[in-house]
Amino acid sequence: KETVINEVRVKWNAFIKIKKRNYLEDYTMITELGRGGYGLVYKAYMKYTGLHRAAKKIKKSSMSKD
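Please read these numbers as outputs of a predicted model, since none were measured by experiment.

Regarding its fold elements, the protein chain presents zero helices and three strands. For the protein chain, buried positions account for 12% of its 66 residues. Sequence-distant contacts in the protein chain: of pairs separated by 6 or more residues, those separated by 24 or more amount to 12%. If you sum the accessible surface of the protein chain, you get close to 6,400 Å²; carbon and sulfur atoms cover 56% of it.

Attention now goes to the sheet that holds strand β2 (residues 39-46). Strand pairs in the sheet, formed through backbone hydrogen bonds, run parallel or antiparallel to each other. Reading across the sheet, the three strands line up as β1-β2-β3 and stay open at both edges, with antiparallel pairing between neighbours. The strands lining the two open edges of the sheet, one partner per strand, are β1 (27-35) and β3 (52-58). Taken pair by pair, the neighbouring strands of this sheet meet at an average axis angle of 35°, ignoring direction. With seven bridges joining them, β1 and β2 adopt antiparallel strand pairing. Directly across from Thr31, in β2, lies its bridge partner Lys43.

Once that is clear, we can look at the pairing of β3. Two elements, β2 and β3, share seven bridges in a ladder whose sense is antiparallel. Counted as the bridge partner of Tyr42 is Ala55 from β3.

Now for the confidence of the model for the protein chain. On average, residues of the protein chain carry a pLDDT of 80, and 80% of them reach 70 or more. The lowest-confidence element of the protein chain is β3, averaging 89 in pLDDT; the highest-confidence one is β1, averaging 94.

So, about a nonpolar patch on the surface. The grouping of Tyr23, Leu24 and Met29 at the surface amounts to a nonpolar patch, some 280 Å² of accessible area in total. Among the structural elements, Tyr23 can be located in the segment before β1. The exposure class of Tyr23 is partly exposed, given its relative accessible area of 46%.

To continue, consider the environment of Gly39. Tracing the chain through its elements places Gly39 in strand β2. Taking the C-alpha atoms as reference points, Gly39 and Ile58, separated by 19 residues in sequence, lie 4.4 Å from one another. Those residues within four positions of Gly39 in sequence are excluded, and the remaining contacts are Lys57, Ile58 and Lys59.

Rules used in this analysis
- Residues numbered from 1 in each chain as written.
- Predicted model: local features only at pLDDT ≥ 70, side-chain atom pairs only at ≥ 80, totals over all residues.
- Heavy atoms only, no water.
- Helix = DSSP H or I, 4+ residues; strand = E, 2+ residues; numbered from the N terminus.
- Buried < 20%, exposed > 50% of the residue type's maximum accessible area, 1.4 Å probe, protein only.
- Contact = heavy atoms within 4.5 Å.
- Areas by Shrake-Rupley, 256 points an atom, 1.4 Å probe, with all protein chains shown as cover.
- Pairing = 2+ DSSP bridges.
- Axes fitted to C-alpha atoms, helices over the stretch in contact; angles between N-to-C directions.
- pLDDT = per-residue confidence, 0-100.
- Patch = residues over 30% accessible without salt bridge, like charges linked within 9 Å, V, L, I, M, F, W, Y side chains within 5 Å.
- Salt bridge = Lys/Arg side-chain N within 4 Å of Asp/Glu carboxyl O.

Set out below in structure tokens:
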């Protein structure tokens, strides 16, 4: 069965807003969910929306200098 959708509704507050200040001020890190070669993943609470998100903290040393 195929469903065709002609309308998309978007809740804009669900998107991460890029700000000129430190985005960590908008989040509270709750618990570590996992870790990998590039960094750690945390369960984070978004202060201005009340939503829980996954936030990845990437090691600066793993970033490309290009």
